Amino acid sequence: MNKTLTVSVFLAALLLAASGGALAQASGIKRAVVTKADVAAPGHEAVVARVELEPGVVAGRHTHPGDEISYVLEGEGELLIEGEDPRRVKAGDAFVIPAGKVHDARNVGGTVMKLVGVYVVEKGKPLATPAK
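Source: prediction; values computed, not measured. (Residues numbered from 1 in each chain as written. Predicted model: local features only at pLDDT ≥ 70, side-chain atom pairs only at ≥ 80, totals over all residues. Heavy atoms only, no water.)

## Regarding the overall build of the chain
Phase 1: Counting its regular elements, the chain contains 1 helix and 10 strands.
Phase 2: When its helices and strands are written in sequence order, the chain yields α-β-β-β-β-β-β-β-β-β-β.
Phase 3: Taking all 132 residues of the chain together, the buried fraction comes to 42%.
Phase 4: A sequence separation of at least 24 residues applies to 75% of the contacts in the chain between residues at least 6 apart.
Phase 5: Looking at the chain as shown, the accessible area adds up to about 6000 Å², and 55% of this sits on carbon and sulfur atoms. (Helix = DSSP H or I, 4+ residues; strand = E, 2+ residues; numbered from the N terminus. Buried < 20%, exposed > 50% of the residue type's maximum accessible area, 1.4 Å probe, protein only. Contact = heavy atoms within 4.5 Å. Areas by Shrake-Rupley, 256 points an atom, 1.4 Å probe, with all protein chains shown as cover.)

The structure is reproduced here in C-alpha cells:
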C-alpha cells in the first residue's frame, strides 16, 4: 500500500456502518450506495459507494467483512491503517484495505473530500463494524 493511503480516513467514511446495505450518517459524512451486485466469489457481493467528508471530519476506526478498494475524486485526507504509518492521500490516489483490517480516515484538507469506495464483502454482514 502506498504511504498516501492515509486515505483510510476517507475509507473509514466509506464504511457503511449499518447492516443490510443501509448507511449510518455521521455528522459531516455523506454516504450513498451507488449499486450492489453479486460477484463470482460465492456468498459475496460488490458494493459501490460515493463518500464525502467535510473538512476535519474523522470516519472512526472500523473494519469491513471484505476488501475495500477506494479512489479519491477530490480533496485530501489521512489514512490510518493499524500497524502501518499514517498515509496522506489526495485526488487521483487509490488504496486497498484488506478484509478485517482496522482503519480510520480523516479529511485534513480545507475542502470536502470525495471518494468512490468499492467493497467486495460477505453477503448478510454489516458493511462496516466499529473497531474496539
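What follows continues from the structure just given.
## Section: the environment of Arg50
Phase 1: Within the secondary structure, Arg50 is located in strand E2 (residues 44–53).
Phase 2: As a C-alpha pair, Arg50 and Ala32 span 18 residues in sequence and 5.3 Å in three-dimensional space.

## What to know about the pattern of salt bridges
Phase 1: Counted according to the given criterion, the structure contains 10 salt bridges.
Phase 2: We note a salt bridge from Arg88 to Glu76, for which the minimum N-O separation is 3.5 Å. Highlighted residues: Arg88 in strand E6 (residues 87–90) and Glu76 in strand E5 (residues 76–81), separated in sequence by 12 residues.
Phase 3: Given a relative accessible area of 45%, Arg88 falls into the partly exposed group.
Phase 4: A relative accessible area of 33% places Glu76 in the partly exposed class.
Phase 5: Lys90 is paired through a salt bridge with Asp93; the nearest N and O atoms lie 3.6 Å apart. (Salt bridge = Lys/Arg side-chain N within 4 Å of Asp/Glu carboxyl O.)

## Here's the deal with the sheet that holds strand E1 (residues 29–38)
Phase 1: Pairing is antiparallel across the open sheet formed by 5 strands, whose spatial order is E1-E2-E9-E4-E7. One side of each edge strand has no neighbouring strand; the edge strands of this open sheet are E1 and strand E7 (94–97). Averaged over all adjacent pairs, the angle separating strand axes in this sheet is 20°, with direction ignored.
Phase 2: Note that strand E4 (residues 66–74) and E7 share 4 bridges and pair antiparallel. When the sheet's bridge partners are listed, Tyr71 is paired in E7 with Ala94. (Pairing = 2+ DSSP bridges. Axes fitted to C-alpha atoms, helices over the stretch in contact; angles between N-to-C directions.)

## Quick look at the environment of Val102
Phase 1: The residue Val102 is located in the loop between E7 and strand E8 (103–107) in this model.
Phase 2: Measuring from C-alpha to C-alpha, the distance between Val102 and Gly60 comes to 9.9 Å, with 42 residues separating the pair along the chain.
Phase 3: Not counting residues up to four positions away in its chain, the partners in contact with Val102 are Arg61, His62, Thr63, Leu80, Ile81, Glu82 and Ala131.

## Here's the deal with the side chain of Asp104
Phase 1: Tracing the backbone shows Asp104 in strand E8.
Phase 2: Among buried charged residues, Asp104 stands out as having no salt bridge; its nearest opposite-charge side chain is Arg61, 6.3 Å away.
Phase 3: Within the local environment of Asp104, its side chain forms a polar contact with the backbone nitrogen of Gly60, the two atoms lying 2.6 Å apart. (Lys, Arg positive; Asp, Glu negative; His and termini not counted. Polar contact = N/O pair within 3.5 Å; in protein donor to acceptor, adjacent residues only side chain to side chain.)

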